[in-house]
Amino acid sequence: DAEITQSPRHKITETGRQVTLACHQTWNHNNMFWYRQDLGHGLRLIHYSYGVQDTNKGEVSDGYSVSRSNTEDLPLTLESAASSQTSVYFCASSAQGYSGELFFGEGSRLTVL
Amino acid sequence: GQQVMQIPQYQHVQEGEDFTTYCNSSTTLSNIQWYKQRPGGHPVFLIQLVKRGEVKKQKRLTFQFGEAKKNSSLHITATQTTDVGTYFCAGKRSNDYKLSFGAGTTVTVRA
């Protein structure tokens, strides 16, 4: 069965370190998204990609970057982790077209000390 | 930018009672989606509404899209303990893949 997986599921790091969260989907979806979830804020879009070599900033992109070298993967990098980036991160994908539902990964809980 | 507001933030419901959560957008939406997230889980797609005034039902859940395509509601009848979780609405503008999520309504059920 097709799926979307995230790793690691839990990560503790220190302020200033670089962290990369992996996202891999086997749906063959063109569209991939990274959201962060914080209490009271719901899901906020960090970065998104509409296809290979395409990346775009979302509403809370500062301090984050993504790359899309193939269809399956959209890794999220925190260049220099800050305590404000402690959050639960969800990767999601959707099929080509404007009306596709989002398929979410299980989430990655990141703690920055 | 597009904002999607969702109320109430918390809903405490007696088992067997009904409740409604509301979603309002500052801009016209091409479609709206609803997701459910169980405690400790990830959001799972429930339904999508596209047409003005559209109403869709899934067993005890009734979803509605407003005539102006700026608001939506989710009504749950005869709440059960399995309904516990956070319900998110998410709106999408025309010609845009991105969804803007509301802050969610977290539902707890008293047995």
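Structure's up top.
**Re the overall build of chain A**
- Along the backbone of chain A there are zero helices and 11 strands.
- Along chain A, helices (α) and strands (β) appear in the sequence β-β-β-β-β-β-β-β-β-β-β when read from the amino end.
- Taken over the C-alpha trace, chain A has a radius of gyration of 13 Å; the compact-globule value for 113 residues is 13 Å, and the two agree within 12%.
- Its C-alpha atoms give chain A principal-axis dimensions of about 40 × 25 × 25 Å.

**Quick word on the sheet that holds strand β7 (residues 64-66) of chain A**
All names here are of chain A.
- The sheet built from four strands is open, its strands ordered β1-β3-β8-β7 with antiparallel pairing. The open sheet is flanked by β1 (4-7) and β7, the only strands paired with a single partner. Neighbouring strand axes in the sheet, compared pairwise and without regard to direction, differ in orientation by 15 degrees on average.
- Looking at chain direction, β1 and strand β3 (residues 19-25) are connected through four bridges and run antiparallel. Among the inter-strand pairings, Q6 is bridged to a residue of β3, identified as C23.

**Let's talk about the sheet that holds strand β7 (residues 61-65) of chain B**
All names here are of chain B.
- Strand order in this open sheet of five strands is β1-β3-β8-β7-β6, and the pairing throughout is antiparallel. Of all the strands in the sheet, just β1 (4-7) and β6 (55-58) have a single pairing partner and so form its edges. Within this sheet the neighbouring strands show an average axis-to-axis angle of 15 degrees, counted without direction.
- Relative to strand β8 (residues 71-76), β7 is paired through five bridges, and the arrangement is antiparallel.

**Quick look at the interface of chain A and chain B**
- Listed as interface residues are 22 residues of chain A and, on the opposing side, 21 residues of chain B.
- There are zero salt bridges connecting chain A and chain B.
- The interface formed by chain A and chain B includes three residue pairs in polar contact (both at pLDDT 80 or more).
- Looking at the side of chain A that touches chain B, the elements with two or more residues in it are β4 (31-38) and β5 (42-51) of chain A.
- Of all the elements, β5(A) adds the most residues to the side of chain A that touches chain B, at five residues.
- Residues of the side of chain A that touches chain B, tallied by class, amount to 11 nonpolar, nine polar and two charged.

**Focus: the state of the cysteines**
Residue and element names in this part refer to chain A.
- Evaluated as defined, the whole model comprises two disulfides over all chains.
- Covalently, C23 is tied to C91 through a disulfide, its sulfur atoms 1.8 Å apart. Sign of the S-S torsion, about -75 degrees for the bond between C23 and C91, identifies this disulfide as left-handed. One end of the pair, C23, is in strand β3; the other, C91, is in strand β9 (residues 87-94), with 68 residues separating them in the sequence.

**Overview of the pairing of β1(B)**
Residue and element names in this part refer to chain B.
- The alternating pattern of β1 places V4 and Q6 on a buried face, while none of M5 and I7, on the opposite face, is buried.
- Judged from the four bridges that link them, β1 and strand β3 (residues 19-25) form a sheet pairing that is antiparallel. Opposite V4, over in β3, you have S25 as the bridge partner.

**Looking at the packing of aromatic side chains**
- The full count for this structure, using the stated rule, is 14 aromatic pairs over all chains.
- Seen from their ring centres, A:F90 and A:F104 are 6.2 Å apart, and the 85 degrees between their planes marks the pair as edge-to-face. With A:F90 in strand β9 and A:F104 in strand β10 (residues 103-104), this residue pair connects regions lying 14 residues apart in the sequence.
- Between A:F104 and B:F101, the ring centres sit 6.1 Å apart and the planes meet at 75 degrees, which makes this aromatic pair edge-to-face. With one member in each of two chains, A:F104 in strand β10 and B:F101 in strand β10 (residues 100-101) form a pair that bridges those chains. Comparing A:F104 with B:F101 shows no difference in burial state: the two are buried.

The rules we used
- Every residue gets a number counted from 1 within its own chain, in the order that chain's sequence is written.
- Following the order in which they are written, the chains are lettered starting with A and the ligands numbered starting with 1.
- Totals for whole chains, interfaces and linings use all residues, but because this is a predicted model, local features are given only for residues with pLDDT of at least 70 and pairs of side-chain atoms are given and counted only at 80 or more.
- The side-chain figures draw on all heavy atoms in the structure; neither hydrogens nor water molecules are used.
- Secondary structure follows DSSP: runs of H or I at least 4 residues long count as helices, runs of E at least 2 residues long count as strands, and numbering of each begins at the N terminus.
- The globule rule is 2.2 Å times the number of residues to the power 0.38, and the radius of gyration it is compared with is taken over C-alpha atoms.
- Pairing between strands requires that DSSP locate at least two bridges from one strand to the other.
- Axes, fitted as lines to C-alpha atoms, cover a helix only where it is in contact. Angles between the N-to-C directions of the axes lie from 0 to 180 degrees.
- Contacts were defined at the residue level, with two residues in contact if any of their heavy atoms lie within 4.5 Å.
- Salt bridges, as used here, are contacts in which a Lys or Arg side-chain nitrogen is within 4 Å of a carboxyl oxygen on Asp or Glu.
- Counting of polar contacts relies on pairs of N or O atoms within 3.5 Å, with two restrictions inside protein: one atom must be capable of donating a hydrogen and the other of accepting it, and residues adjacent in sequence are counted only when both atoms are side-chain atoms.
- Residue classes follow a fixed rule: Ala, Val, Leu, Ile, Met, Phe, Trp, Tyr, Cys and Pro count as nonpolar, while Asp, Glu, Lys and Arg count as charged, and any other residue, Gly among them, counts as polar.
- Criterion for a disulfide: a pair of cysteine sulfur atoms within 2.5 Å.
- Note on classification: 1.4 Å probe, protein chains only; a residue is buried when its accessible area is under 20% of the maximum for its type, exposed when over 50%, partly exposed between these limits.
- Note on aromatic pairs: the rings of Phe, Tyr and Trp (six-membered ring only in Trp) are paired at centre separations within 6.5 Å, and the planes decide the class, stacked below 30 degrees, edge-to-face beyond 60, tilted for the rest.

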